[in-house]
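# An overview of the molecular structure
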Amino acid sequence: MPVTDNSLNAEGALIVGAGLAGLFCALKLAPRPVTVLSPTPLGFGASSAWAQGGVAAAVGEGDTPHAHALDTEKAGAGIVDEFIAESVTAEAAARIEDLARWGTPFDRDDKGRYRLSREAAHSINRVVRVEGDRAGFAIMQAIIAEVRRTPSIRVVEGITAVELVRAEGRVIGVFARKLGDRYAEPVFIRARATVLAAGGLGGLYAVTTNPPSVRGHAMGMAARAGALIADAEFVQFHPTAIATGADPAPLATEALRGEGAILVNDLGERFMPAIHPDAELAPRDIVARANFRQIKAGRKVFLDTRMAIGGRILSAFPTVARYCLEAGIDPVAEMIPVTPAAHYHMGGVQVDARGRSSLAGLWVCGEASCTGLHGANRLASNSLLEATVYGARIADDISGLEPVPTRLRPFDGIAWDEEKGEAAEARLRDLQPVRALRQVMSDLVGVERDDAGLREALRRIAELETTALGVTRSFLNMTTSATMVAAAALRRTESRGGHFRTDHPAEDPAWQHHTTMLLDEALAIRAEA
Ligand SMILES: Cc1cc2nc3c(=O)[nH]c(=O)nc-3n(C[C@H](O)[C@H](O)[C@H](O)COP(=O)(O)OP(=O)(O)OC[C@H]3O[C@@H](n4cnc5c(N)ncnc54)[C@H](O)[C@@H]3O)c2cc1C
């Protein structure tokens, strides 16, 4: 797309996406000027605000960053980058202090020490939380208030980036479209440094816990611009999304199982102890697959919190209790129906330890990135941690390159228009090609995969890309991400962490490494499928 006169200047760094990663980076950049793009009003449309568990950090007695790193490596199934795990866990306490300083009301005991939760595959209670299951909401409320108080941050709400712009070998900004103006010419926003923080890709799947705006746009945009993508095949499926048919599916946090809740099928059988010594607290991929197989065999799966938690669920897990009550389930007296759902992407745009991508001028943080921290399977509550650590590292890296602060003016004519914005969101959700793409991903690139299914998925994605009426760049970003995941999943002929191949069910030591791929390579695999 040519760069036209229809352009704006970010007058400093440009951050695409307003979840925890983007806003943390913006705050760390202060007082340097930064423009943040958000498709919706701040706080909406970000996975960050929906996080229930909390942030993993070795801040409790008897814990150490090294022990946290070892748990991270174990969960990551042999391909976690050890140096990254050690360095990220070592920075965790400082980033928790930042969040607390900006007003996050973390749960504390009467001596002021953090109250810590236990989640699967952590060897100790290590998850810093807020009011039981309200961590994401409370963290986002606190940092949004801090962002609003910070004059060096210009927030533009109601705008979606659709393409990265490159010139002279570097990324120089983005093309972005005002929400609701699907047919208007995108505006070019020029920036000295572009930070992509537009989230993961769970919403590419028909059954997901992610908000509707998190559908692989970030990875798709970066891949189309020529960035190297790493570990795209590794998608984490959460075992216990609440199965009421709602889209997205609300989450029943793992902390419930941490407090003793068990999984049973509709015959009343508890099946996890026979599958793994840690039973319901086995790594997520194992529990997700067990639930998937029960459902595939015609059974229903329930999370039974009644014995372990009982009436306390109302006060200790208010978010889960509210989701249940809204769906007509009494969480004190009844079991909660659950299903696996696409939840988190371990892969993403490959970045180095400073958050730099393979494209000059482009930094990536949060779920859009692949830092090497999660390997093949993310340890619970490590993603909010990673978002803060890399948000801060990128701010540090950019600060070294950035000139003096300037006064930011608002972008004229771009603001959240509630009526148009909500109508545009609803339309996007219901577009037939989008629905078809999400079904292909759930059916053929989901919890279990095989060669024939992945080839079929690639052919169907190509077909949707070329035949969908009114294809927009947004949709192309989604099909690009879908192609990257399916092609990488087809190439990795083994099972590891979140990637399970029924035709290659064992881990293969020859595959004990990260994978990287350019879009051209993925398209070549797709063309041969
Ligand atoms: C239900 C749920 C519970 C979770 N619980 C936990 C937990 O307890 N602990 C934990 O560590 N992790 C948890 N996770 C994962 C964690 O929330 C995410 O990995 C993390 O919040 C990602 O942060 P982010 O800033 O990268 O992305 P997000 O918070 O998803 O923010 C992405 C932002 O980019 C915007 N955006 C998208 N596309 C564009 C575009 N084209 N242009 C401009 N902006 C765009 C979105 O609107 C949004 O503002 C949970 C996830 C979910 C869904």
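Look above for the structure.
Residue positions are counted from 1 within each chain, in the order its sequence is given. With pLDDT at 70 or above as the cut-off, local features in this predicted model cover only qualifying residues; side-chain atom pairs require 80 or more to be listed or tallied, and sums for whole chains, interfaces and linings still use all residues. As a rule here, side-chain values cover all heavy atoms of the structure and leave hydrogens and water aside.

## Re the sheet that holds strand β8 (residues 159-167)
- Strand pairing follows a simple DSSP-based rule, namely that at least 2 bridges must link the two strands. The helix and strand labels rest on DSSP assignments: H or I over at least four residues marks a helix, E over at least two residues marks a strand, and numbering proceeds from the N terminus. Pairing in this open sheet of four strands is mixed, and the strands run β1-β10-β9-β8 from one edge to the other. The sheet terminates laterally at β1 (7-9) and β8, the two strands that pair on one side only. Taking the axes of each pair of neighbouring strands and ignoring which way they run, one obtains an average angle of 30 degrees across the sheet.
- Pairing geometry for strand β9 (residues 170-178) and strand β10 (residues 187-190), over four bridges, is antiparallel. Residue pairing across strands places Ala176 opposite Val187, the latter belonging to β10. Note on geometry: axes are lines fitted to C-alpha atoms, helical ones only across the stretch in contact, with angles between N-to-C directions running from 0 to 180 degrees.

## Considerations on a nonpolar patch on the surface
- What goes into a patch is any residue over 30% in relative accessible area without a salt bridge, connected to like charges within 9 Å or, for nonpolar side chains (Val, Leu, Ile, Met, Phe, Trp, Tyr), within 5 Å. Accessible areas in this description were obtained via Shrake-Rupley with a 1.4 Å probe; residue shielding takes into account the shown protein chains only. Any Lys or Arg side-chain nitrogen located within 4 Å of an Asp or Glu carboxyl oxygen qualifies as a salt bridge. There is a patch of nonpolar side chains on the surface, built from Leu314, Leu325 and Val332 and spanning about 240 Å² of accessible area.
- For Val332, the position within the fold is in the loop between α9 (318-326) and β16 (336-345).

## Structural notes on the site of the ligand
- Residues are counted as near a molecule or strand when any one of their heavy atoms sits within 4 Å of it. Near the ligand you find 38 residues, and of these Ser48, Gly53, Gly54, Glu367 and Ser383 are the closest.
- Whenever two N or O atoms come within 3.5 Å, that pair is a polar contact, provided that in protein one can donate a hydrogen and the other can accept it, and provided that, for residues adjacent in sequence, both atoms are side-chain atoms. Here Glu367 contributes a side-chain N or O atom positioned 2.7 Å from an oxygen atom of the ligand.
- Against a free-state accessible area of 1,000 Å², the protein chains account for coverage of 98% of the ligand.
- Those elements that provide at least two residues to the shell around the ligand are α1 (20-29), β8, α5 (217-224), β16 and α10 (382-399).
- Here the shell around the ligand gets three residues from one element, more than from any other, and that element is α10.
- Under this grouping Gly is polar, as are all residues other than the nonpolar Ala, Val, Leu, Ile, Met, Phe, Trp, Tyr, Cys and Pro and the charged Asp, Glu, Lys and Arg. For the shell around the ligand, a count of residues per class yields 17 nonpolar, 19 polar and two charged.

## Side note on the packing of aromatic side chains
- Pairing of aromatic side chains here covers Phe, Tyr and the six-membered ring of Trp, requires ring centres within 6.5 Å, and sorts the geometry by plane angle: under 30 degrees stacked, over 60 edge-to-face, intermediate tilted. Tallied over the entire structure, the rule returns four aromatic pairs.
- With a centroid separation of 5.8 Å and an interplanar angle of 85 degrees, the aromatic rings of Phe106 and Tyr114 are classed as edge-to-face.
- The rule is simple: take the accessible area with a 1.4 Å probe, protein chains only, and divide by the maximum for that residue type; under 20% is buried, over 50% is exposed, in between is partly exposed. Phe106 sits in the buried class, given a relative accessible area of 5%.
- A cation sits over an aromatic face here: Arg378 above Tyr344, 4.3 Å from the ring centre. Should the NZ of a Lys or the CZ of an Arg lie within 6 Å of a ring centre and within 35 degrees of the ring normal, that charge is described as sitting over the ring.

## Some words on the nonpolar core
- What is meant by a nonpolar core is a set of buried Ala, Val, Leu, Ile, Met, Phe, Trp, Tyr and Cys residues, joined one to another through side-chain atoms within 4.5 Å. Residues Leu37, Val174, Ile189, Tyr205, Val445 and Met484 are the most contacted members of the largest nonpolar core, which totals 64 residues.
- When residues of this core are assigned to their parent elements, the largest contribution, 10 residues, is made by helix α14 (residues 473-491).
- In this analysis, two residues are considered to be in contact whenever any of their non-hydrogen atoms come within 4.5 Å of each other. With near-sequence residues (within four places) excluded, Val445 lies in contact with Tyr205, Phe237, Val440, Leu454, Ala457, Val485 and Ala486.
- With 56 residues, the next largest nonpolar core counts Phe24, Ile153, Trp363 and Ala392 among its residues.

## A look at the packing of α1 against helix α3 (residues 82-101)
- The geometry of α1 relative to α3 is characterised by a closest axis approach of 12 Å and an angle of 80 degrees between their N-to-C directions. Between α1 and α3, the crossing angle belongs to the class labelled roughly perpendicular. In this structure, α1 uses Leu20, Phe24 and Lys28 to contact α3, whose residues at the interface are Arg95, Asp98, Leu99 and Arg101.
- Across the contact of α1 with α3, the residue classes break down as three nonpolar, no polar and four charged. If an angle is under 35 degrees, it is roughly parallel; if it is over 145, roughly antiparallel; if it lies from 65 to 115, roughly perpendicular; otherwise it is oblique.

## Re the pairing of strand β13 (residues 235-242)
- Extensive coverage of β13 is indicated by the burial of eight of its eight residues.
- Here β13 runs beside β16; their pairing, made up of six bridges, is antiparallel. Bridge pairing in β16 links Gln236 to Tyr344.

## Regarding the pattern of salt bridges
- Counted by the stated rule, this structure contains 38 salt bridges.
- Two residues, Asp98 and Arg95, come together in a salt bridge whose shortest N-O distance is 2.8 Å. Here Asp98 pairs with Arg95, and both are found in helix α3, just three residues apart, close to one helical turn. Taken as a pair, Asp98 and Arg95 share a single burial class, namely buried.
- A salt bridge links Arg492 to Glu494; the shortest N-O distance between them is 2.6 Å.
- Classification of Arg492 by relative accessible area gives buried; the value is 0%.
- Among the ionic contacts, a cluster of salt bridges with common partners joins Lys28, Glu91, Arg95, Asp98, Arg101 and Arg393.

## Side note on the sheet that holds strand β18 (residues 362-364)
- As summarised here, the arrangement of the five strands in space is β7-β3-β2-β11-β18, forming an open sheet in which the pairing is parallel. Every other strand in the sheet has two partners, leaving β7 (153-157) and β18 as the edge strands with one partner each. Between one strand and the next, the sheet's axes are offset by a mean angle of 20 degrees, whatever the strand orientation.
- With three bridges connecting them, strand β11 (residues 193-196) and β18 associate as parallel partners. Note that in β18 the partner of Val195 across the bridge is Trp363.

## Overview of the environment of Val156
- Residue placement: Val156 occurs in strand β7.
- Distance from Val156 to Ala489, taken between C-alpha atoms, is 36 Å for residues 333 residues apart in sequence.

## Some remarks on the environment of Arg492
- Along the chain, Arg492 falls in the loop between α14 and β20 (516-517).
- In this structure the C-alpha to C-alpha distance between Arg492 and Glu233, which are 259 residues apart in sequence, comes to 7.9 Å.
- In this structure Arg492 touches Ile79, Glu233, Phe234, His499, Arg501, Trp511, His513, His514 and Thr515, once residues within four positions along its chain are discounted.
- Polar side-chain contacts of Arg492 include one of 2.6 Å to the side chain of Glu494.

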